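# Understanding the architecture of this molecule
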Amino acid sequence: GQNIDQPTEMTATEGAIVQINCTYQTSGFNGLFWYQQHAGEAPTFLSYNVLDGLEEKGRFSSFLSRSKGYSYLLLKELQMKDSASYLCAVRDRPNTGGFKTIFGAGTRLFVKA
Amino acid sequence: GAGVSQSPSNKVTEKGKDVELRCDPISGHTALYWYRQSLGQGLEFLIYFQGNSAPDKSGLPSDRFSAERTGGSVSTLTIQRTQQEDSAVYLCASSLAGGVYEQYFGPGTRLTVT
C-alpha cells in the first residue's frame, strides 16, 4: 500500500533551525515533493527530490534517502512567516500507468518569538 | 492565464443536489489534478489527467463523482446527489507534464453541503 507519515505539529523559535521528517511507503516511487500551505491558502511548491541527497534552496533544504523511505525538510533562520503547514508528497507510478501524487496530512509549524 | 483559476470560489448546496466545479489550468500545462481537503486535513487525491485522458481515477470516492477534461485545458468535477460528507475544499493543480514537474495549485472551491 501507500502511506506517508509526518508529525502533526511542531513548535520552534524565531531564528532557530527546525527539521520536519517524513517517512513513506510506496510501490513505484518517482520523486518526493515538499509544499508549504498557509492557513486558508493553496499549497505552494518548495522542493523536489528524486535522487538521494540534500537539495538546498536558500533557507530551505530537503533531504532524501530512497533506501530508508525517508525525507526531511530543514528550515533555517526561522521567521514568523514560516508558520504554516508543510506537506510531504510522494509521486507514485502505479501499475495501472500514469502518476499519482500522494500527500501526507501535513505538519503544522508554529514559530514563536 | 497567469495561474490556475477555479470557480466558483464558494458553493453552498442542499443535500441531494448536483454541483459542478471548474478548473482552468495554466496555459500549456498538460497535466491536471483534482484534490480535496477537509478542514485541518491533508490533501486527498481524486483524479489526474494527462491531456484529456485520466490514467488514474482510483481516488474518486464513489460513482457520484466524475470529472472530464476537454481540449486539454478546462476540467470540470461533477458531484451528483451531494452528501454532507462531500463538504470540503476542492483544489485543482496543473503541471507541465505528468512527470517530475511541480504542481501549481488554484485557490480552491469551498463546497458546503447543508
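Higher on the page you've got the structure.
Here's what I pulled together on the structure shown here. Computed from a predicted structure; not experimentally measured. (Residues numbered from 1 in each chain as written. Chains lettered and ligands numbered in written order. Predicted model: local features only at pLDDT ≥ 70, side-chain atom pairs only at ≥ 80, totals over all residues. Heavy atoms only, no water.)

## Brief notes about the overall build of chain A
When you go through chain A residue by residue, the secondary structure sums to 0 helices and 11 strands. Along chain A, from the amino end to the carboxyl end, the secondary structure elements read β-β-β-β-β-β-β-β-β-β-β. For 113 residues, the compact-globule estimate of 2.2 N^0.38 gives 13 Å, and chain A sits close to it at 14 Å. Here the C-alpha coordinates of chain A stretch approximately 50 × 30 × 20 Å along the principal axes. The proportion of buried residues among the 113 residues of chain A is 50%. Entry remark: accessible area of chain A is about 5500 Å², with carbon and sulfur atoms responsible for 48%. Chain A carries 11 positive and 10 negative side-chain charges, and their two centres are separated by 4 Å. (Helix = DSSP H or I, 4+ residues; strand = E, 2+ residues; numbered from the N terminus. Rg over C-alpha atoms; globule rule 2.2 N^0.38 Å. Buried < 20%, exposed > 50% of the residue type's maximum accessible area, 1.4 Å probe, protein only. Areas by Shrake-Rupley, 256 points an atom, 1.4 Å probe, with all protein chains shown as cover. Lys, Arg positive; Asp, Glu negative; His and termini not counted. Charge placed at Lys NZ, Arg CZ, Asp CG, Glu CD.)

## Let's talk about the nonpolar core
All names here are of chain A. W34, L75, Y86 and L109 are the most contacted members of the largest nonpolar core, which totals 21 residues. Counting only elements with at least two residues in this core, the list comes to strand 3 (18-25), strand 4 (29-37), strand 7 (60-65), strand 8 (70-75), strand 9 (84-92) and strand 11 (107-112). Ignoring anything within four residues of it in the chain, the contact list for Y86 reads Q6, I20, W34, Y35, Q36, L46, F60, L73, L75, G106, T107 and L109. (Core = buried A, V, L, I, M, F, W, Y, C linked by side-chain atoms within 4.5 Å. Contact = heavy atoms within 4.5 Å.)

## Re the sheet that holds strand 1 (residues 3-5) of chain A
All names here are of chain A. The antiparallel open sheet is built from 5 strands, whose spatial order is 1-3-8-7-6. Either end of the sheet is taken by a strand with one partner, and the two such strands are strand 1 and strand 6 (53-57). Each strand of the sheet is rotated relative to its neighbour by a mean of 15 degrees, with strand direction disregarded. (Pairing = 2+ DSSP bridges. Axes fitted to C-alpha atoms, helices over the stretch in contact; angles between N-to-C directions.)

## Remarks on the interface of chain A and chain B
Quoted interface sizes are often the accessible area lost when the parts come together. Residue-level contacts link 19 residues of chain A with 21 residues of chain B. When chain A packs against chain B, the two sides together hide about 1600 Å² of surface, and 54% of this comes from carbon and sulfur. For the interface between chain A and chain B, the tally reads 0 salt bridges. Counting the contacts that link chain A with chain B gives 4 residue pairs in polar contact (both at pLDDT 80 or more). At the level of secondary structure, the elements contributing two or more residues to the side of chain A that touches chain B comprise strand 4, strand 5 (44-49), strand 9 and strand 10 (100-103) of chain A. A class-by-class count of the residues in the side of chain A that touches chain B yields 11 nonpolar, 6 polar and 2 charged. (Buried area = accessible area lost by both parts, 1.4 Å probe. Salt bridge = Lys/Arg side-chain N within 4 Å of Asp/Glu carboxyl O. Polar contact = N/O pair within 3.5 Å; in protein donor to acceptor, adjacent residues only side chain to side chain. Nonpolar A, V, L, I, M, F, W, Y, C, P; charged D, E, K, R; others polar.)

## Quick word on the pattern of salt bridges
Residues and elements named next belong to chain A. Counting across every chain of the model gives 7 salt bridges over all chains. A salt bridge links E56 to K76; the nearest nitrogen and oxygen atoms lie 3.6 Å apart. One end of the pair, E56, is in strand 6; the other, K76, is in the loop between strand 8 and strand 9, with 20 residues separating them in the sequence. By relative accessible area, which is 56% here, E56 ends up exposed. You can call K76 partly exposed: its relative accessible area is 27%. D82 is paired through a salt bridge with R59; the nearest N and O atoms lie 2.8 Å apart. Pair noted here: D82 is in the loop between strand 8 and strand 9 and R59 is in the loop between strand 6 and strand 7, with a separation of 23 residues, a long-range link. You'll find D82 and R59 in the same group, each marked buried.

## Here's the deal with the side chain of N49 of chain A
Residues and elements named next belong to chain A. Topologically, N49 is positioned in strand 5. Here N49 falls in the buried class, since its relative accessible area comes to 1%. Polar side-chain contacts of N49 include one of 2.6 Å to the side chain of S62. Dropping the residues within four chain positions of it, N49 is found in contact with F29, G31, L32, E55, S62, F63 and L64.

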